[in-house]
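# Inside the fold
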Amino acid sequence: QVQFVESGGGLVQPGGSLRLSCAGSGFSLSDEIMTWHRPAPGKTREWVATLCPGGATFYTDSVKGRFTDSRDDAKNTMYLQMGSLNPEDTGLYYCQIQGSTTWGQGTQITVSS
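Residues numbered from 1 in each chain as written. Predicted model: local features only at pLDDT ≥ 70, side-chain atom pairs only at ≥ 80, totals over all residues. Heavy atoms only, no water.

## Some remarks on the sheet that holds strand E3 (residues 18-25)
Formally: Two strands qualify as a pair provided DSSP detects at least 2 bridges between them. Numbering of helices and strands starts at the N terminus; helices are DSSP runs of H or I of at least 4 residues and strands are runs of E of at least 2. Axes here mean lines fitted to C-alpha atoms, for a helix over just the part in contact, with angles spanning 0 to 180 degrees between N-to-C directions.
Across the sheet, four strands lie side by side as E1-E3-E8-E7; this open sheet has antiparallel pairing. Whereas interior strands pair on both sides, the edge strands pair on one side only; in this sheet they are strand E1 (3-7) and strand E7 (67-72). In this sheet, neighbouring strand axes are inclined to one another by 15° on average, regardless of whether the strands run parallel or antiparallel. Here E1 pairs with E3 via five bridges, running antiparallel.

## A look at the nonpolar core
This is how it is decided: What makes a nonpolar core is a set of buried Ala, Val, Leu, Ile, Met, Phe, Trp, Tyr and Cys residues whose side-chain atoms join them at distances within 4.5 Å. The buried label applies to any residue whose accessible area, calculated with a 1.4 Å probe on protein chains only, is under 20% of its type's maximum; exposed applies above 50%, and partly exposed to all values in between. Two residues form a contact once any of their heavy atoms are found within 4.5 Å.
Counting 24 residues, the largest nonpolar core has Trp36, Phe67, Leu80 and Tyr93 as its most contacted members. Listed by contribution, the elements that provide at least two residues to this core are E3, strand E4 (34-40), strand E5 (43-51), strand E8 (77-82), strand E9 (91-97) and strand E10 (107-111). In this view, Tyr93 contacts Glu6, Leu20, Trp36, His37, Arg38, Val48, Phe67, Leu80, Met82, Gly106, Thr107 and Ile109; residues no more than four positions away in its chain are not counted.

## Brief notes about the state of the cysteines
Quick reminder of the rule: Cysteine sulfurs are considered disulfide-paired once they come within 2.5 Å of each other.
Under the criterion given, the structure shown has one disulfide. Put simply, Cys22 and Cys95 are joined by a disulfide, and their sulfur atoms are 1.9 Å apart. Between Cys22 and Cys95, the disulfide has an S-S torsion of 70° and is therefore right-handed. Taken together, the residues span a long stretch of sequence, with Cys22 in strand E3 and Cys95 in strand E9 at a distance of 73 residues.

## Side note on the side chain of Ser21
By the secondary structure assignment, Ser21 is in strand E3. Excluding residues within four positions of it along the chain, Ser21 makes contact with Val5, Glu6, Ser7, Trp36, Thr77, Met78 and Tyr79.

## A closer look at the packing of aromatic side chains
Applied cut-off: The pairing test for Phe, Tyr and Trp rings, Trp by its six-membered ring, is centres within 6.5 Å, and the orientation test on the planes gives stacked under 30 degrees, edge-to-face over 60, and tilted for anything in between.
Applying the stated criterion across every chain yields a total of two aromatic pairs. With a centroid separation of 5.4 Å and 65° between ring planes, the pair formed by Phe4 and Phe27 is classed as edge-to-face. On the criterion of sequence distance, the pair formed by Phe4 in strand E1 and Phe27 in the loop between E3 and E4 is long-range, its members being 23 residues apart. No difference in accessibility class separates Phe4 from Phe27, as the two residues are buried.

## Thoughts on the side chain of Asp69
Formally: Asp and Glu are treated as the negative residues and Lys and Arg as the positive ones, with His and the ends of the chain left uncounted. We count a salt bridge whenever a side-chain nitrogen from Lys or Arg sits within 4 Å of a carboxyl oxygen from Asp or Glu. Identification of polar contacts relies on pairs of N or O atoms within 3.5 Å, with a donor-acceptor requirement for protein atoms, meaning one able to donate a hydrogen and the other able to accept it, and with residues adjacent in sequence counted only if both atoms are side-chain atoms.
With respect to the helices and strands, Asp69 occurs in strand E7. Buried and unpaired, Asp69 has no salt bridge, with Arg71 as the nearest side chain of opposite charge at 8.5 Å. Looking at Asp69, its side chain comes within polar contact range of the side chain of Trp36, at 3.2 Å. The contact partners of Asp69, leaving out residues within four places of it in the chain, are Trp36, Ala49, Thr50, Leu51, Thr57, Tyr59, Met78, Tyr79 and Leu80.

Written as structure tokens, this is what we have:
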């Protein structure tokens, strides 16, 4: 079965950094278009970033230049390096195969002084 385990969240001060992990099982992460999402006010969720099998990345405007999406094929794990964090980045972050309905448990990021 396709399964995800997100980790790496926590409490961080504004301007700080965190690295999120999305460990996949039951599929090869490098063969799929992978995405990160988070809840947002007035929405069920907000798209944050995409990592394609060939290595191309895409980001929502609010995180461009601050977040970097990548993967480690040997570990079948995707990473989201988050820098220059601000309170608007607070939320429960999920990874997913694009277009699927399977989600992990998410990992919570709280940016506060």
